[in-house]
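Each chain, letter by letter, is given below.
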Amino acid sequence: MFATLSDRLADTFKNLRGKGRLSEADIDATAREIRIALLEADVALPVVKEFVAAVKERARTEEVSGALNPAQQVIKIVHDELVTILGGEERRLRYAKSGPTVIMLAGLQGAGKTTLAAKLALWLKDQGKAPLLVACDLQRPNAVNQLQVNGGRVGVPVYAPEPGNGTGDPVAVARASIEEARRKLHDVVIVDTAGRLGVDAELMQQASDIRDAVQPDEVLFVVDAMIGQDAVVTAQAFLDGVGYDGVVLTKLDGDARGGAALSIRQVTGRPVMFASSGEKMTDFDVFYPDRMASRILD
Ligand code: GDP
């Protein structure tokens with residue numbers, strides 16, 4: 001995902017190699033190149049500005065540590081600042097103090113929510129949890145079935161309305177699923193909600209109603225990292241319309257430019273908590289800002 005950005009930054013740093021100390025002109029030129037590299041990677045403009053200003057300020061004022069040459073010092077600064085915009089420390093899931101932990105997923109259709117629900121369930125199972133998947137996406141034909149298929153793949157049961165028995169109300173399904181979880185001793189409930197192709201008021205209202213009904217411990221906004229700047233726009237719309245605690249980036253295995261991944265934390269103020277990076281159920285992990293920054297600068 002970050003191939004072009006990585007190459008661009010590597011070229012920038014190459015220009016600094018062999019320099020004994022950095023002049024103002026070196027710092028300005030480097031800052032300019034980093035700015036272009038980030039803009040080309042589709043990083044949101046306010047994030048680029050803040051990032052470049054921070055790098056420039058530190059390059060000017062920080063003492064060069066004895067062990068590093070100026071080029072290495074700049075790489076270290078860029079690394080640190082990448083970690084900062086990616087969220088600093090990883091943010092772990094918060095579990096409920098009593099009763100089942102409720103995790104609600106929200107996002108656009110095609111973001112990868114249903115796939116993600118099963119991946120998260122598998123990950124939780126591997127941590128010794130007993131998750132229950134809940135199918136509240138009753139808009140898209142086949143969404144319930146898809147969740148059931150994915151649930152089957154990871155060996156996690158799916159709570160879904162029975163076809164034709166009049167329980168087509170996603171809020172009622174969500175509410176009933178919590179009771180089911182208590183009865184069957186599930187300690188985590190993952191609620192998959194409906195997505196639309198675009199943001200609309202009805203979608204937001206339904207997600208808000210489900211949220212109010214199940215009082216989730218975590219609302220996670222699932223977003224396709226391939227959609228670039230649109231990811232940031234959608235993230236803002238869901239923040240205003242539903243609200244959420246954390247973000248899950250999907251399709252990080254794609255070849256998009258990576259701007260969404262680099263912008264979303266700063267723009268929304270919400271941490272990226274998980275990353276999904278492929279079609280396999282195990283292509284999923286906690287999002288580690290430090291590792292991501294290292295990957296970009298590799
Ligand atoms: P939903 O509409 O949000 O529930 O999205 P789906 O879970 O149905 O995913 C939409 C498509 O994206 C499916 O074809 C998935 O196989 C695919 N997909 C989901 N996550 C990833 C991922 O991390 N990487 C790749 N390459 N494809 C993914």
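Going by the structure above, here's the rest.
In this text, all values refer to a predicted model and were calculated from it rather than measured experimentally.

Asks: What exactly am I supposed to notice about the side chain of Thr114 here?
Replies: For Thr114, the location among the structural elements is in helix α5 (residues 113-126). At 3.0 Å, the side chain of Thr114 forms a polar contact with the side chain of Asp192. Once you skip the residues sitting within four places of it in the chain, Thr114 turns out to touch Arg140, Ala143, Gln146, Leu147, Asn150 and Asp192.

Asks: Explanation requested: the packing of aromatic side chains in the structure shown.
Replies: In this description, an aromatic ring pair is defined by two values, namely the gap between the centres and the angle between the planes. Counted under the stated rule, the structure contains five aromatic pairs. Judged by centre distance (6.1 Å) and plane angle (70°), the rings of Trp123 and Phe284 are edge-to-face. Here Trp123, found in helix α5, pairs with Phe284, found in strand β8 (residues 284-286); they are 161 residues apart in sequence, far enough to count as distant. Across this residue pair, the class does not change: Trp123 and Phe284 are buried.

Asks: Can you walk me through the packing of helix α3 (residues 45-61) against helix α4 (residues 70-85) in this structure?
Replies: Pairs of packed helices are described in terms of their axes, by the angle between the two and the distance that separates them. Running from amino to carboxyl end, α3 crosses α4 at an angle of 145°, the nearest separation of the two axes being 10 Å. Considering how the two elements wind past one another, α3 and α4 form a crossing that is right-handed. In this structure, α3 uses Val47, Phe51, Ala54, Val55, Arg58 and Ala59 to contact α4, whose residues at the interface are Lys76, Ile77, Val78, Asp80, Glu81, Leu82 and Ile85. The class makeup of the residues in the contact of α3 with α4 is nine nonpolar, no polar and four charged.

Asks: Can you help me understand the pairing of strand β7 (residues 272-276) in this one?
Replies: On any regular strand, side chains alternate: one points to one face of the sheet, the next to the other face. Counting buried positions along β7 yields five of five residues, so the element is predominantly enclosed. Where strand β6 (residues 246-250) and β7 come together, three bridges link them in parallel fashion. The partner of Val247 across the bridge, within β7, is Val272. After leaving β6, the chain enters helix α10 (residues 259-268) and then returns to the sheet as β7, a path that is right-handed. In the sheet, β7 pairs with β8 via three bridges, with the strands oriented antiparallel. Bridge pairing links Ser276 to Phe284 in β8.

Asks: How should I be thinking about the sheet that holds strand β1 (residues 101-106) in this particular structure?
Replies: Within a sheet, neighbouring strands are paired by backbone hydrogen bonds and run either parallel or antiparallel to one another. With mixed pairing, the eight strands of this open sheet are ordered in space as β3-β2-β4-β1-β5-β6-β7-β8. Strands at the two margins of the open sheet, each flanked by one partner only, are β3 (158-159) and β8. Sheet analysis places strand β2 (residues 131-136) next to β3, joined by two bridges and oriented parallel. Bridge pairing in β3 links Leu133 to Val158. Strands in contact with helix α7 (residues 170-183) are β1, β2, β3 and β4 (188-193); relative to β2, the strand with the most contacts, it is inclined by about 165°.

Procedures and definitions
- Residues numbered from 1 in each chain as written.
- Predicted model: local features only at pLDDT ≥ 70, side-chain atom pairs only at ≥ 80, totals over all residues.
- Heavy atoms only, no water.
- Helix = DSSP H or I, 4+ residues; strand = E, 2+ residues; numbered from the N terminus.
- Polar contact = N/O pair within 3.5 Å; in protein donor to acceptor, adjacent residues only side chain to side chain.
- Contact = heavy atoms within 4.5 Å.
- Phe/Tyr/Trp six-rings, centres within 6.5 Å; stacked < 30°, edge-to-face > 60°.
- Buried < 20%, exposed > 50% of the residue type's maximum accessible area, 1.4 Å probe, protein only.
- Axes fitted to C-alpha atoms, helices over the stretch in contact; angles between N-to-C directions.
- Left-handed = near helix turned anticlockwise from the far one by under 90°.
- Nonpolar A, V, L, I, M, F, W, Y, C, P; charged D, E, K, R; others polar.
- Pairing = 2+ DSSP bridges.
- Right-handed = clockwise from strand over helix to strand, strands pointing away.

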